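Results of the structural survey
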Amino acid sequence: MAGLLKRPEALAGGAVLLALALIALAAPLLSPGDPLAIAGKPLILPLTDAAHPLGTDRLGRDLLAGLIHGARTSMTVGLLVAVVALSAGMIVGTVAGLAGGWTEAVLMRLVEAFQIVPGFLLALALVSVAGPSLAGVVLAIALGAWTGPARLARSRVLALRESEFVAAARVLGLHPAEIAFRQIMPLALPPVLSLTAIIVAGAILTEAALSFLGLGNPNVVTWGGMIAEGRNQLRSAAWLSIIPGLALVITVVSTYLVGEALTDSLTERRPR
Amino acid sequence: MSLLTVTDLSKTHHGARRVRALEDVSLSVDAGETLGLVGPSGCGKSTLARMILRLDRPDAGAIRFDGQDWLALRGRDLRRARGGLQMVFQDPAAAFHPRATVQGALAEALRLHSGMPRAAWATRIADLLTQVDLAPDLAPRPLSTLSGGQQQRVAIARAIATGPRLVVLDEALSALDTSIRGRILALLVRLQRDLGLAYLFIGHDLAVVRAISHRIAVMDAGRIVETGPATKVLAHPQADLTRRLIAAIPTLSPPGDLP
Amino acid sequence: MTDRPLLSLQQLAVTYPGAPLPALQGIDLRLAPREKLAVIGESGSGKSTLARAIAGLLPGGSHVGGDLIWSGDTPVPGRDIGFVFQDPGGSLDPLLSIGAHLVEVLRTHLPLSPRAARDRAGDLLAQVRLPDPRAALEGYPHQFSGGQRQRIAIALAIAAGPALLIADEATSALDVLVQAEIVALLRDLAEARTMALIFVTHDIGLAAQLADRIAVLRNGRLQEIGPTARVLAAPQAEYTRQLLAAHLDLSSPPLVEARG
């Protein structure tokens, strides 16, 4: 963690993410009311009206309110996808690595099957079938994101499985599940955790893309949805797409910066 | 009747090349005795240890331990029975979970095999540490902060914590400095006397194996080539390998005396 | 011992970067040309530090005090000093054939044509008694056993004809049979090539097999140094007596009695 503070770019990224998280948490306080409700005249230019600092869209909905509530969606989806994908990957990878033989073969073929289908197409297909609920979107995106953690967890477990302390635990008579989840998994976890940032950033982008295509929940504000809305006025009112687009870019870049530093600190070799 | 009987054990490793790691290996260990198993690296002695410890399965053959068909035990029955047959490995640093403490490692053995209430563990852990000549106040220390000799003593304490009848020691002294090696040898002999333990003592150095073994089995290329009482094997070696192992023991004679 | 020494150490002290205490201090030592010196001690005694200090292999930032004086020019590591490590595989590149390893070292230090270097490489493998040396040139490290890899490492270390070969626990990872062969090989090579040898080990029995003199280290200090026969028969330091007492061979009493 100390290493994190020594890197200015990671610090900047962290500050942005922290601010976004706070904004997302405090959205109902910062911008009370429904962000989809009509708030004023349509198409107010940004920085011209104190009541609507970022302006309004063609229906008169406040852009800033949309951004604030949209952050909530992006953050929630990003984090939930990471939790689901990392847990699923960790469990499948650990079981595959330890079980070996037939179980491992089946599980790893499954991982490969998911890996060759582009994650976005997978999410697209699932959301169109299951409908645009939050749980549906999260599961759909996680389906394309758990394979990386699963492969990494398996390779770590394979290396740990042959170590002498595992042989010692078996000779002592520990239950295989106890060896898997109490002894091996905690040691396999750090490198897998270092994938968090990539998964979160990818999930935020995928969610935005789904919303952009109109597959998100129409009753929830999302940055992707806002970009899509603004697309129709791209020549006359480009800010409607550009502002949420910038929000997306800043969030994803910040996540990567933090993730990079996190990877280094999680996987650094500790002196023996 | 023997405590451990291994009969016609065979194992072939299927890798890039087929390697016959064990070929019809038979041996037995009586209660309270030490059988030394000696041979060069790659002779199959560690493979044999892994079979006896139920870490790998042989292709053919039988193992009886403590009156049971050892290879037939499964699941819960096997995990319970494991308390009777413990082991100490070569590299003490690798034999414990990287984050384990001394008391954590010993408590695990007590939890699984002692049947003691949790409240009694601390006292028992202090006893175990004393038994292997370690200070009881080492208990809360992470194992990674101990010296190699201390770690190996904790490994021995963990092995005896389950109340075993047989302990397999696979090159257990090879990674230690000579002076520490001598003290741990003496400790093993004392524990054998006090607890009635039997040892299968595996090593490549006949000088060490001979010091602690009642009987010696010599292994070469997956086969047992000679077995007998330690004094007899050393005084009248039958197999060519045994003679070479005896000749390879460094003596404290100045240079020039070597063939 | 009347020769001008190949190397003399005066009050040598080494402190590793960030370490509070010196790993080695007050070492006075003279090594004659063609002398075979065994340095013995336990882990942490400073024996490997001494070997590395002489070979110029200490990590950057180490503080070296005292003097390390060579009789000739300052030696080039790899050419004038050969070094063999404990791990027989560690110094070999898995993707490079044995011949390529040797040719690279030979041509780095000696003015040889590729063809001549290749011939010399085969000779070196024969000198370290590797079976079928010509065929071994085409082999890769993983195709050889631990003992064979250590022979290859020795061939690399002596390739450029060094005046001094340092073997740092070079036999510790090997079984006793191979250990005895490597010790005999090192002794014979040193004698045949008129090369000095520093043999670092924790096993006083192995030291006795090949050394002219034995130096005993403990806690970074020299406990005693003397001719092998004298050190074995009449050790001066209490610590040397302990090491001798801990040695096990066929004359040591067994710890258990035969059972009926």
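Residues numbered from 1 in each chain as written. Chains lettered and ligands numbered in written order. Predicted model: local features only at pLDDT ≥ 70, side-chain atom pairs only at ≥ 80, totals over all residues. Heavy atoms only, no water.

In the annotation of an unreviewed UniProt entry, the entry for chain B reads Peptide ABC transporter ATP-binding protein, and the organism field reads Fuscovulum blasticum DSM 2131. UniProt annotates chain B under Sequence similarities (unreviewed entry) with the comment "Belongs to the ABC transporter superfamily." (UniProt positions renumbered as here; feature names shortened; annotations may be inferred.)

Under an unreviewed UniProt entry, the name given to chain A is ABC transporter permease, and the organism recorded is Fuscovulum blasticum DSM 2131. In UniProt, chain A has this text filed under Sequence similarities (unreviewed entry): "Belongs to the binding-protein-dependent transport system permease family." UniProt lists a comment for chain A under the heading Subcellular location (unreviewed entry), and it reads "Cell membrane".

A few words on the UniProt feature "transmembrane region" (unreviewed entry) in chain A. All names here are of chain A. Per the UniProt entry, the sites bearing "transmembrane region" (unreviewed entry) are residues 76–100, 120–146, 192–216 and 236–259 in this numbering. Secondary structure content for residues 120–146 is 74% helix and 0% strand, while the C-alpha to C-alpha distance between its ends is 13 Å. Here residues 236–259 runs as 88% helix and 0% strand, with 38 Å between its end C-alpha atoms. (Helix = DSSP H or I, 4+ residues; strand = E, 2+ residues; numbered from the N terminus.)

Let us now look at a nonpolar patch on the surface. Residues and elements named next belong to chain A. Judged by side-chain polarity, Leu18, Leu22 and Leu25 come together as a nonpolar surface patch covering roughly 350 Å² of accessible area. Note that Leu25 resides in helix H2 (residues 8–25). Using a relative accessible area of 67% as the deciding quantity, one classes Leu25 as exposed. (Patch = residues over 30% accessible without salt bridge, like charges linked within 9 Å, V, L, I, M, F, W, Y side chains within 5 Å. Areas by Shrake-Rupley, 256 points an atom, 1.4 Å probe, with all protein chains shown as cover. Salt bridge = Lys/Arg side-chain N within 4 Å of Asp/Glu carboxyl O. Buried < 20%, exposed > 50% of the residue type's maximum accessible area, 1.4 Å probe, protein only.)

A few words now on the sheet that holds strand S8 (residues 213–218) of chain C. All names here are of chain C. An order of S5-S6-S7-S3-S8-S9 is seen for the six strands of this open sheet, with the pairing classed as mixed. In this open sheet, the two strands that pair with only one neighbour each are strand S5 (81–84) and strand S9 (221–227). Sheet twist, expressed as the average angle between the axes of neighbouring strands with direction ignored, equals 15 degrees. Of the pairings in the sheet, the one linking S8 to S9 comprises six bridges and is antiparallel in character. When the sheet's bridge partners are listed, Ala215 is paired in S9 with Ile225. Its contacts with the sheet place helix H5 (residues 146–158) against S5 and strand S6 (164–168), and it is angled at close to 165 degrees to S5. Contacts from helix H9 (residues 238–246) reach strand S3 (36–40), S8 and S9 within the one sheet, and its direction differs from that of S8 by about 105 degrees. (Pairing = 2+ DSSP bridges. Axes fitted to C-alpha atoms, helices over the stretch in contact; angles between N-to-C directions. Contact = heavy atoms within 4.5 Å.)

Within the structure shown, the criterion is met by three aromatic pairs over all chains. Their ring planes at 70 degrees and their centres at 5.5 Å tell us that Phe114 of chain A and Trp146 of chain A sit as a pair that is edge-to-face. In this pair, Phe114 of chain A sits in helix H5 (residues 101–116) while Trp146 of chain A sits in the loop between helix H7 (134–142) and helix H8 (147–161), placing the two residues 32 residues apart along the sequence. Residue classification places Trp146 of chain A among the buried residues on the basis of a relative accessible area of 8%. Consider the rings of Phe65 of chain B and Trp70 of chain B, whose centres lie 5.1 Å apart with planes at 65 degrees: the pair is edge-to-face. Comparing Phe65 of chain B with Trp70 of chain B, the two get one shared label, buried. (Phe/Tyr/Trp six-rings, centres within 6.5 Å; stacked < 30°, edge-to-face > 60°.)

On the side of chain B, 38 residues touch chain C, which itself brings 34 residues to the contact. Of the roughly 3,200 Å² buried at the junction of chain C and chain B (both faces included), carbon and sulfur atoms supply 62%. Across the contact surface, chain C and chain B share zero salt bridges. There are 10 residue pairs in polar contact (both at pLDDT 80 or more) connecting chain C and chain B. Elements supplying a minimum of two residues to the side of chain C that touches chain B: helix H6 (176–192), helix H7 (204–210), helix H8 (228–233) and H9 of chain C. Examining the composition of the side of chain C that touches chain B, we find that six residues originate from one element, H7 of chain C, more than from any other. Broken down by class, the residue content of the side of chain C that touches chain B amounts to 20 nonpolar, eight polar and six charged. (Buried area = accessible area lost by both parts, 1.4 Å probe. Polar contact = N/O pair within 3.5 Å; in protein donor to acceptor, adjacent residues only side chain to side chain. Nonpolar A, V, L, I, M, F, W, Y, C, P; charged D, E, K, R; others polar.)

Bringing the UniProt feature "domain: ABC transporter" (unreviewed entry) in chain B into the picture now. Cross-referencing UniProt, the feature "domain: ABC transporter" (unreviewed entry) maps to residues 4–246 of chain B in the present numbering. Between the end C-alpha atoms of residues 4–246 of chain B there is a gap of 27 Å, over a span that is 37% helix and 26% strand.

As a further point, take unusual backbone geometry. A positive phi angle, near 50 degrees, is found at Asp8 of chain B, a position not held by glycine. The backbone of Gln11 of chain C shows a phi angle near 50 degrees, a positive value even though the residue is not glycine. Secondary-structure assignment places Gln11 of chain C in strand S1 (residues 7–15).

What follows deals with the pairing of strand S7 (residues 166–170) of chain B. Every regular strand shows the same layout, with side chains that alternate between the two sheet faces. All names here are of chain B. Where burial is concerned, most of S7 is hidden: five out of the five residues are buried. The alternating pattern of S7 places Leu166, Val168 and Asp170 on one face and Val167 and Leu169 on the opposite face, and all of these are buried. Across four bridges, the pairing between strand S6 (residues 85–88) and S7 is parallel. Note on S7: the bridge partner recorded for Gln86 is Val167. Both S7 and strand S8 (residues 198–203) contribute to a ladder of five bridges, which runs parallel. In the strand pairing of S8, Asp170 is matched with Ile202. Handedness of the crossover joining S7 and S8 through helix H6 (residues 178–195) is recorded here as right-handed. (Right-handed = clockwise from strand over helix to strand, strands pointing away.)

Under the present numbering, the feature "domain: ABC transmembrane type-1" (unreviewed entry) in UniProt falls on residues 75–259 of chain A. Note that residues 75–259 of chain A is 82% helix and 0% strand, and that its end C-alpha atoms are spaced 15 Å apart.

Turning to its location among the elements, Gln179 of chain C is positioned in helix H6. For Gln179 of chain C, a relative accessible area of 10% translates into the label buried.

This part covers the arrangement of the chains. Looking at the two pairs of chains with contacts, the pair that accumulates the most is chains B and C. Nothing in chain A touches chain C, and the closest approach of their C-alpha atoms is 13 Å.

With that out of the way, let us pick up the interface of chain A and chain B. In this assembly, 16 residues from chain A lie in contact with 24 residues from chain B. With both chains or domains summed, chain A and chain B bury close to 1,800 Å², and 58% of this area falls on carbon and sulfur atoms. Applying the counting criterion to the chain A and chain B interface returns two salt bridges. Arg111 of chain B is the partner of Glu178 of chain A in a salt bridge, and the nearest nitrogen-oxygen pair spans 2.6 Å. In this structure, the connection of chain A to chain B is made through eight residue pairs in polar contact (both at pLDDT 80 or more). Broken down by secondary-structure element, the contributors of at least two residues to the side of chain A that touches chain B are helix H9 (164–172) and helix H10 (176–193) of chain A. At seven residues, the largest contribution of residues to the side of chain A that touches chain B is made by H9 of chain A.

All names here are of chain B. Among the five residues of strand S3 (residues 34–38), five are classified as buried, and the element is accordingly described as predominantly covered. Judged by which residues are buried, S3 turns out to be covered on both faces: Thr34, Gly36 and Val38 on one side and Leu35 and Leu37 on the other are all buried. As judged from the five bridges shared by S3 and S8, these two strands associate in the parallel manner. When the sheet's bridge partners are listed, Thr34 is paired in S8 with Tyr199. When S3 meets strand S9 (residues 215–220), the two strands line up parallel, connected through four bridges. Within S9, the position partnered with Leu37 by the bridge is Ala217.

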